[in-house]
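Here is what each chain is made of, one letter per residue.
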Amino acid sequence: MTQHTDLLPTTVREFFAAHVVHDADTASSFLTEDVVVVDQDETFRGRQEVHAFLRDAGSEFEYTTEQIGARRVDDAHWVVTVRLEGTFPGGVAELDYRFALRDDLVAELVIANHTA
């Protein structure tokens, strides 16, 4: 994560920093109890289920993550764009992490292919 971090609220910045290094415990501490995460059309609900997703997501592959963009949609919504390179099918992916915040915690996260 090398660019645009100063634009992000602390919650998003610290969640993402923990997520990138596969620290599901720390990443989960930034989630609401009723958080909803959607990753490529798969939905996870509640902090416990999302914690398991964060712990296991991508664990079968080796990859690097580079933040290539970030933008504020409004006071509660932020988008972080990342580029993944690794041993997964296709080898390269650009993804948007679309955050919705509530009370300084992540209430919703949608992970989807980056759209220009």
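Reference entry: report on the structure contained in this document. (Residues numbered from 1 in each chain as written. Predicted model: local features only at pLDDT ≥ 70, side-chain atom pairs only at ≥ 80, totals over all residues. Heavy atoms only, no water.)

### Section: the pairing of strand 1 (residues 31-39)
Now for step 1: Sheet analysis places strand 1 next to strand 6 (residues 105-113), joined by five bridges and oriented parallel. Bridging across to strand 6, Leu31 finds its partner in Val106.
Now for step 2: Inspection of the sheet shows strand 1 paired to strand 2 (residues 42-45) by four bridges, in the antiparallel sense. From the neighbouring strand, Val38 faces strand 2, where its bridge partner is Thr43.
Now for step 3: Hairpin geometry of strand 1 and strand 2 is characterised by an intervening segment of two residues between the two adjacent antiparallel strands and by a positive phi of about 50 degrees at Gln40. (Pairing = 2+ DSSP bridges. Helix = DSSP H or I, 4+ residues; strand = E, 2+ residues; numbered from the N terminus.)

### Some remarks on the environment of His77
Now for step 1: Looking at the element boundaries, His77 is found in strand 4 (residues 77-86).
Now for step 2: For His77, the residues in contact, after removing those within four places along its chain, are Arg72, Phe99 and Ala100. (Contact = heavy atoms within 4.5 Å.)

### Details of the packing of aromatic side chains
Now for step 1: Within this structure, the stated rule accounts for four aromatic pairs.
Now for step 2: Ring centres of Phe15 and Phe99 lie 5.6 Å apart, and the angle between their planes is 80 degrees; on these two criteria the pair is classed as edge-to-face. Placement of Phe15 in helix 1 (residues 10-20) and of Phe99 in strand 5 (residues 92-102) is noted, with a sequence separation of 84 residues between them. For the pair Phe15 and Phe99, a shared accessibility class is recorded, and that class is buried.
Now for step 3: A ring pair is formed by Phe44 and Phe53, whose centres lie 4.4 Å apart and whose planes are at 25 degrees; its orientation type is stacked. There is no split in this pair, since Phe44 and Phe53 are both buried. (Phe/Tyr/Trp six-rings, centres within 6.5 Å; stacked < 30°, edge-to-face > 60°. Buried < 20%, exposed > 50% of the residue type's maximum accessible area, 1.4 Å probe, protein only.)

### Focus on unusual backbone geometry
Now for step 1: We note that Asp41 has phi near 75 degrees; this positive angle belongs to a residue other than glycine.
Now for step 2: Its location among the elements puts Asp41 in the loop between strand 1 and strand 2.
Now for step 3: For Asp41, a relative accessible area of 77% gives the class exposed.
Now for step 4: Even without a glycine there, the phi angle at Asp103 is positive, about 55 degrees.
Now for step 5: One can find Asp103 in the loop between strand 5 and strand 6.

Without other data, these values stay purely geometric and don't point to any function.
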